[in-house]
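Structural characterization, general
For reference, the chains in residue letters:
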Amino acid sequence: MEATTSLLDAAAVGDLVMLDPLSEEALLRTLQERFSREEIYTYIGEVVISVNPYKPLPIYTPEKVEEYHNCNFFAVKPHIYAIADDAYCSLRDRDRDQCILITGESGAGKTEASKLVMSYVAAVSSKGEEVDKVKEQLLQSNPVLEAFGNAKTIRNDNSSRFGKYMDVEFDFKGDPLGGVITNCQCCPLPSPPRWSQPPLSCSYTHPPFPPQTLTDLLEKSRIVRHVKGERNFHIFYQLLAGGSAQLLQKLKLRPDCSYYGYLNREKSVLPGMDDAANFRAMQDAMAIIGFTPTEVTALLEVTAVVLKLGNVELSSCFQASGMEASSITEPRELQEISQLIGLDPSTLEQALCSRTVKVRDESVLTALSVSQGYYGRDALAKNIYSRLFDWLVNRINTSIKVKPGKQRKVMGVLDIYGFEIFQDNGFEQFIINYCNEKLQQIFILMTLKEEQEEYVREGIKWTPVEFFDNSIICDLIENSKVGILAMLDEECLRPGTVNEDTFITKLNQIFASHKRYESKETLNAKHVTDISLPLRCFRIHHYAGKVTYNVTGFIEKNNDLLFRDLSQAMWAARHTLLRSLFPEGDPQRPSLKLPPTTGSQFKASVATLMKNLYSKNPNYIRCIKPNDTKTAMLFTPDLVLAQVRYLGLMENVRVRRAGYAFRQLYQPFLKRYKMLSRRTWPHWTGSDREGTEVLLAELKFPSEELAYGHTKIFIRSPRTLFDLEKRRQQRVAELATLIQAMFRGWRCRKQYQLMRKSQILISAWFRGHAQRNRYKQMKRSVLLLQAYARGWKSRRLLRELKVQRRRHLAASTISAYWKGYQTRRTYRRYFRSDARTRLSNFIYRRMVQKYLMGLQKNLPPMAVLDRTWPPAPYKFLSDANQELKGIFYRWKCKKYREQLSPQQRAVLQDKLCASELFKDKKALYAQSLQQPFRGEYLGLTQNRKYQKLQAVAKDKLVMAEAVQKVNRANGKTVPRLLLLTTEHLVLADPKAAQPKMVLSLSDIRGASVSRFSDGLLALHLKETSTAGGKGDLLLVSPHLIELVTRLHQTLMDATAQALPLSIADQYAGLGAWPVGAWPTWAFPEGAWSGRGRDRVCWEGRGGNQVAHWAG
Ligand SMILES: Nc1ncnc2c1ncn2[C@@H]1O[C@H](COP(=O)(O)OP(=O)(O)OP(=O)(O)O)[C@@H](O)[C@H]1O
Ligand SMILES: [Mg+2]
């Protein structure tokens, strides 16, 4: 409320739009009145006018920051924090990049204003370790840049001698991420113009930094020269005053300003400025930004080199040719510089006192005169310093730059040195004023011209407001064909004699009739006798006033050349930082290209800066300097009036009063405010304009406050907009509350449902569990009860049954006794004679009956081999028992035989036959019991080799096996295959499978075997047979029992006669045995091994020969 009254206070309105009457005097009076009340800020709409109080005011406290944070711009007293807050909120909430343009004269308070803006943004943005570090780095860049880029001038003790444009980058939450400082340089500029014909002086080089840096905005000339009452850049004084003795010794400096030529050899202590403290602050700031100690040392070393260069004195001498030359007067300074930068002093001396000129591919070393030598020395000092400054800016940027890839919003703060009008204005003032002229153009374009044009475009009823358009002045300077800068470039590049006189003559010719250009020779300078306009000068009617420029030095400064020998010498230095500043000094990279001039670089940089500023939403702070003497709270109306005029504040107020404070396209406007009407919220189906009309009609704003353009809505006063914004904020808060409530409700419902579901589940499980337990308990109890009841019932029943049984038994006993008694009484008469016999028969029968019944129950198992039988219980039954045992055994065998198959029966018959033949007669029989009689052991049918043998045994094969035939001559055995068929016995050679001997079964007279377990068989053949003539056949068979059994059966089948078989220890045979008589068996038990090499030996002679096995 207090602020609103302040804005409307008739004597000192806070917003000049409400000025009444609208006149220059009233405006000036208001500013003065407010200034006297220490209200240094005043609005024109959203433009802030700041009048420098030259004294600290208590209006920048944290409480003030809090007061202006998220404030309503017009609801609080005018303040720079209000515009900073407005820009910051607009950037954060509306996603619009912002730029804050701070303009005003030198000393009007621009730098202070930019610092206030930065510190405000830092204070209101959120806190956090990372964010605080970024903020601190951004804020601490100021002391470093001010030390190297600011100097005391007559107008300002801390005048910025460079233009600074800083982009502070924020994330979507409005937290600073980092920034980019531009030494008023912006984006890359178009490639530099090329020289069609390189001039002789191509032994010059130009700064290596690409022209995107507006290095020329650093006032380099101040390094080597400054007027009395001013100072060089602060850093030199700070270094000498604040550097420790050790540091100064290392840098080979003396702590005495009056020793140094570039400091005008005078002591310079500024009241209120503590250079030593500032030096320490700067060092701290560097550490915070992230400079390493090595970098700081290197930076100070190069600074010291610049300072010491000013003390390099030259004196003239003459060469043998009589030409003037220069030499170093006092080599000590040069040697110290050389030591600092790591360079041979003679190289540096040669570079300072001579230069190499290239004439038709030949390099000639020419000596420099003393003045040329000083020129070279100063150019070197200026170049080193300005390049060092650029390096410094780049180094700070490296620390504060934002990592790529992050989405960011930008707030640019432009603090460029202000408009300057001196007694003697040179090239620097021309450049500076041109830049300010461009900034004024932006202001005019965006606030005055553009605005008025927009009203016409949008079809809003509008009465044009007259204002001064400075494009004519901008064009005079920057026109690419006939602008002053173009003319200067042309002169610099033109071959032939070039000097400032030819340049001014050219200007006078071209701009003879230009309204804003004056010189002694132009037509519009009718006052030829005007002493304020000397001969080598021209005057421009700037928007801020007339400025007379002296063209002396224009050509040299525009060229800004440095002897190549000097840059080569710098490159040859071992000092890494210094060397890196002069990359063009590398002899491997000679460049004949002449880079653009200072003027054209500057023009291009300004153009890029303008483009950058146009792309952002501008916020203006117009700084006004109230007096020329830096006196606190002194208001000089004339001085302020001049600034009010050239800043175009009156026009600004007029346009503002007549125009509309706010405009926006219908679509974004409706989108932003549609929640204020039930008809447009949440969806509006009609056109955006209709929606806007419906919305605003419902809000009932006065009709003069609104105007509907073709594409935009216009709102006249900011108050209406703020009202709208306030309602929106309220509504957004309501909606947010609603959404929150809905969301919370939904979340609670969800949670409740979930809990309920869980609760039901848990209780179901619990109930189930409890019921199950109860049921189990009940079941257990019921079972127990049941058991007790049943037990009780059963016991009762049992008792009853027992009683019944006892009764029954008693009754039975009684009736038995009674019946016995009756029977005995009845039969007593009949039984008396044969009672004994009858009784004994009866008892025998009962005993036999019981025995047979017992046998029936205890019959032995049916296994044939099981011959067990229960014993007879009574002796008189033993015979019958034996008989029954035999009957039962035979019956068991019969049953066994009945279930045998014919094959099994045949096998058993074979085995039976074998047992009849050999049982208890030959020891081998016991072994043969386990072996089944297979008959066929040769596999005649499978083996093709035995096909012939099959043919021989045409009749049915009975047995086939491999045997050993004992040779009758020597007793040795030979292997043979034996085939027994139904009619023949065949012996065959196993190798050839050819029959060797075929015997008819009828030729077999008998057979002999030993009692032992050998396989020797002697077949006695009939003497009438063919083979029989040779004697008996002696064979050794591995299946002797089977062979003899089968032979016996076959003979029985064929001849119905049994085989005469002799089983004895002695053998007597017939045949052609070795010596007449027959051998006798004499085999001890087990002598025959059965192996192939067994043979039969005979011992003894004549009729008493004994055969035995030899292994
Ligand atoms: N808001 C303020 N409160 C108190 N003193 C101020 C304020 N603004 C500026 N000053 C004083 O004015 C002096 C000059 O201000 P500043 O350096 O900001 O001017 P400038 O416009 O940047 O000048 P230049 O163009 O030369 O750099 C400051 O050193 C300070 O003493
Ligand atoms: Mg400044």
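Here, every reference points to the structure presented above.
Anyway, here's the lowdown on the structure attached to this text. (Residues numbered from 1 in each chain as written. Chains lettered and ligands numbered in written order. Predicted model: local features only at pLDDT ≥ 70, side-chain atom pairs only at ≥ 80, totals over all residues. Heavy atoms only, no water.)

Around the magnesium ion (ligand 2), the donor atoms from the protein are Thr111 (OG1) and Ser160 (OG), and they sit 1.8 to 2.1 Å away. Here threonine 111 is found in helix 5 (residues 110-124), whereas its partner serine 160 is found in strand 5 (residues 159-160), with 49 residues between them in sequence. Each member of the pair threonine 111 and serine 160 is classed as buried. (Donors = N, O, S within 2.8 Å, 3.2 Å for Na, K, Ca; no water. Helix = DSSP H or I, 4+ residues; strand = E, 2+ residues; numbered from the N terminus. Buried < 20%, exposed > 50% of the residue type's maximum accessible area, 1.4 Å probe, protein only.)

Pairing is possible between side chains that carry opposite charge, provided their charged atoms lie close to one another. Applying the stated criterion to the full structure yields 48 salt bridges. As a salt-bridge pair, aspartate 157 and lysine 152 come within 3.8 Å of each other at their nearest N and O atoms. Looking at aspartate 157, the relative accessible area reads 23%, which means it is partly exposed. On the basis of relative accessibility, which here comes to 13%, the residue lysine 152 falls in the buried class. The shortest N-O distance in the salt bridge between glutamate 313 and arginine 265 comes to 3.2 Å. (Salt bridge = Lys/Arg side-chain N within 4 Å of Asp/Glu carboxyl O.)

Take helix 15 (residues 427-457) next. At leucine 445, helix 15 shows its strongest bend, of approximately 45 degrees. The buried count for helix 15 comes to 24 of 31 residues, which makes it a mostly enclosed element. A positive phi of about 75 degrees marks glycine 459, the residue just after helix 15. (Bend = angle between axes of the 7 residues up to and from the residue.)

Evaluated as defined, the whole model comprises 30 aromatic pairs. Judged by centre distance (5.0 Å) and plane angle (65 degrees), the rings of phenylalanine 162 and phenylalanine 389 are edge-to-face. Of this pair, phenylalanine 162 sits in the loop between strand 5 and strand 6 (164-170) while phenylalanine 389 is found in helix 14 (residues 370-400), placing the two residues 227 residues apart along the sequence. Of the two residues examined, phenylalanine 162 and phenylalanine 389, each falls in the buried class. (Phe/Tyr/Trp six-rings, centres within 6.5 Å; stacked < 30°, edge-to-face > 60°.)

Glancing now at the layout of surface pockets. Gaps left between atoms show up when a probe the size of a water molecule is rolled over them. Size it by volume and the largest pocket reaches roughly 1600 Å³. For the largest pocket, the lining is made up of 47 residues, of which Glu46, Asp86, Arg96, Asn617 and Phe662 are closest to its centre. Elements with a contribution of two residues or more to the lining of the largest pocket: helix 4 (80-94), helix 15, strand 18 (617-624), helix 24 (649-658), strand 19 (662-665), helix 25 (666-673) and helix 27 (718-827). For the lining of the largest pocket, the element with the highest residue contribution is helix 4, accounting for 9 residues. Split into classes, the residues belonging to the lining of the largest pocket amount to 18 nonpolar, 10 polar and 19 charged. The wall of the second largest pocket is formed by 45 residues, among which Thr111, Glu112, Lys115, Asn156 and Asn158 lie closest to the centre. Of all the secondary-structure elements, those providing two or more residues to the lining of the second largest pocket are strand 2 (47-51), helix 5, helix 6 (129-149), strand 5, helix 8 (234-242) and helix 10 (275-289). (1 Å grid on protein atoms, 1.4 Å probe; cavity = no way out; pocket = protein on both sides within 12 Å on 5 of 7 lines; lining within 4 Å. Points joined across faces, edges and corners; volume = space filled by probe spheres on them. Nonpolar A, V, L, I, M, F, W, Y, C, P; charged D, E, K, R; others polar.)

What holds strands together in a sheet is hydrogen bonding between their backbones, with the strands either parallel or antiparallel. Spatially, 19-21-20 is the arrangement adopted by the 3 strands of the open sheet, whose pairing is antiparallel. At either margin of the open sheet sits one strand with a lone partner, and together these are strand 19 and strand 20 (706-708). Averaged over neighbouring strand pairs, the angle between their axes works out to 15 degrees when direction is ignored. As judged from the 3 bridges shared by strand 20 and strand 21 (residues 712-715), these two strands associate in the antiparallel manner. Following the sheet pairing, leucine 706 is matched in strand 21 by isoleucine 715. (Pairing = 2+ DSSP bridges. Axes fitted to C-alpha atoms, helices over the stretch in contact; angles between N-to-C directions.)

For the rest of this paragraph, the subject is unusual backbone geometry. Note the cis peptide between tryptophan 681 and proline 682, where omega equals 0 degrees. By the element assignment, proline 682 lies in the loop between helix 25 and helix 26 (688-699). Unusually for a residue other than glycine, lysine 700 sits at a positive phi of about 55 degrees. Looking at the element boundaries, lysine 700 is found in the loop between helix 26 and strand 20. Phi at alanine 993 is positive, roughly 55 degrees, even though this residue is not glycine. Following the sequence through the fold, alanine 993 ends up in the loop between strand 24 (984-989) and strand 25 (994-1000). Given a relative accessible area of 1%, alanine 993 falls into the buried group.

Let us now look at the sheet that holds strand 23 (residues 973-981). The sheet built from 8 strands is open, its strands ordered 25-24-23-22-28-27-26-29 with mixed pairing. One side of each edge strand has no neighbouring strand; the edge strands of this open sheet are strand 25 and strand 29 (1061-1063). Strand-to-strand twist in this sheet, taken as the mean axis angle between neighbours without regard to direction, amounts to 30 degrees. With 5 bridges joining them, strand 26 (residues 1004-1009) and strand 27 (residues 1016-1021) adopt antiparallel strand pairing. Residue pairing in the sheet places alanine 1007 in a bridge with leucine 1019 of strand 27. Running over the sheet, helix 33 (residues 1040-1055) touches strand 22 (957-966), strand 23, strand 24, strand 26, strand 27 and strand 29 and is turned about 125 degrees from strand 22. (Contact = heavy atoms within 4.5 Å.)

Turning our attention to the environment of leucine 562. Its place among the elements puts leucine 562 in strand 17 (residues 562-563). Classification of leucine 562 as buried rests on a relative accessible area of 0%. Each C-alpha atom, one on leucine 562 and one on glycine 376, is 6.8 Å from the other, the two residues being 186 residues apart in sequence.

On to a nonpolar patch on the surface, then. On the surface, Leu839, Phe842 and Ile843 cluster together to form a nonpolar patch covering roughly 300 Å² of accessible area. With respect to the helices, strands and loops of the structure, isoleucine 843 is situated in helix 28 (residues 835-857). (Patch = residues over 30% accessible without salt bridge, like charges linked within 9 Å, V, L, I, M, F, W, Y side chains within 5 Å. Areas by Shrake-Rupley, 256 points an atom, 1.4 Å probe, with all protein chains shown as cover.)

Now for the packing of helix 25 against helix 26. Contact pair helix 25 / helix 26: the axes reach a minimum separation of 9 Å and the direction vectors enclose 45 degrees. Taken as axis vectors, helix 25 and helix 26 run oblique relative to one another. Where helix 25 crosses over helix 26, the handedness of that crossing is left-handed. Contact with helix 25, carried on its side by Tyr666, Gln667, Phe669, Leu670 and Tyr673, involves Asp688, Arg689, Gly691, Thr692, Leu695 and Leu696 of helix 26 and no other residues of that element. Here the residues of the contact of helix 25 with helix 26 sort into 6 nonpolar, 3 polar and 2 charged. (Parallel < 35°, antiparallel > 145°, perpendicular 65-115°, else oblique. Left-handed = near helix turned anticlockwise from the far one by under 90°.)

This part covers a positive patch on the surface. A contiguous patch of positive charge on the surface is contributed by Arg790, Lys793, Arg795, Arg796 and Arg799. On the secondary structure map, arginine 796 appears in helix 27. Look at arginine 796 and you get partly exposed, because its relative accessible area is 36%. (Lys, Arg positive; Asp, Glu negative; His and termini not counted. Charge placed at Lys NZ, Arg CZ, Asp CG, Glu CD.)

Our next topic: the side chain of arginine 516. Topologically, arginine 516 is positioned in the loop between helix 18 (500-510) and strand 14 (517-519). Buried and unpaired, arginine 516 has glutamate 437 as its nearest opposite-charge partner, separated by 6.9 Å.

Next up on the list: helix 30 (residues 902-918). With 17 residues, helix 30 extends 24 Å between its outermost C-alpha atoms, agreeing within 8% with the 24 Å of an ideal straight helix rising 1.5 Å per residue. Those residues of helix 30 that sit buried are Asp910, Lys911, Cys913, Ala914, Ser915, Leu917 and Phe918. Check the buried side of helix 30 and you find it contacts helix 31 (924-928), strand 26, helix 33 and strand 29. One or two steps after helix 30, the chain reaches aspartate 920, where phi turns positive at roughly 60 degrees. (Expected span 1.5 Å × (residues − 1).)

Mapped onto the fold, serine 125 is located in the loop between helix 5 and helix 6. A distance of 2.9 Å separates a polar side-chain atom of serine 125 from the backbone oxygen of valine 121. The residues touching serine 125, leaving out its near neighbours within four places in the chain, are Tyr88, Lys135, Gly174, Asp175 and Pro176. (Polar contact = N/O pair within 3.5 Å; in protein donor to acceptor, adjacent residues only side chain to side chain.)

Judged by nonpolar contacts, the single largest core of 182 residues is most densely connected at Phe148, Ile384, Leu392, Ile484 and Phe538. Here this core takes 13 residues from helix 14, the largest share from any one element. Once you skip the residues sitting within four places of it in the chain, isoleucine 484 turns out to touch Phe430, Leu476, Ile477, Phe503, Leu507, Phe511, Tyr517, Phe538 and Ile540. Within the second largest apolar cluster, 31 residues are counted, among which are Cys913, Leu985, Ala1007 and Leu1047. (Core = buried A, V, L, I, M, F, W, Y, C linked by side-chain atoms within 4.5 Å.)

What follows concerns the site of ligand 1. Every one of the 19 residues lining ligand 1 counts as a neighbour, but Ser106, Lys110, Thr111, Ser159 and Ser160 are closest to it. Between ligand 1 and glutamate 112 there is a distance of 2.9 Å, counted from an oxygen atom to a backbone nitrogen or oxygen. Burial of ligand 1 by the protein amounts to 87% of the accessible area it has alone, namely 620 Å². One can see that ligand 1 is located within the second largest pocket. (Near = heavy atom within 4 Å. Sits in = over half its atoms within 2 Å of the grid points.)

Below, the discussion takes up the pairing of strand 3 (residues 98-104). Counting buried positions along strand 3 yields 7 of 7 residues, so the element is predominantly enclosed. Of the two faces of strand 3, both are covered, the one formed by Gln98, Ile100, Ile102 and Gly104 as well as the one formed by Cys99, Leu101 and Thr103. Judged from the 7 bridges that link them, strand 3 and strand 18 form a sheet pairing that is parallel. If you follow threonine 103 over to strand 18, its bridge partner there is arginine 622.

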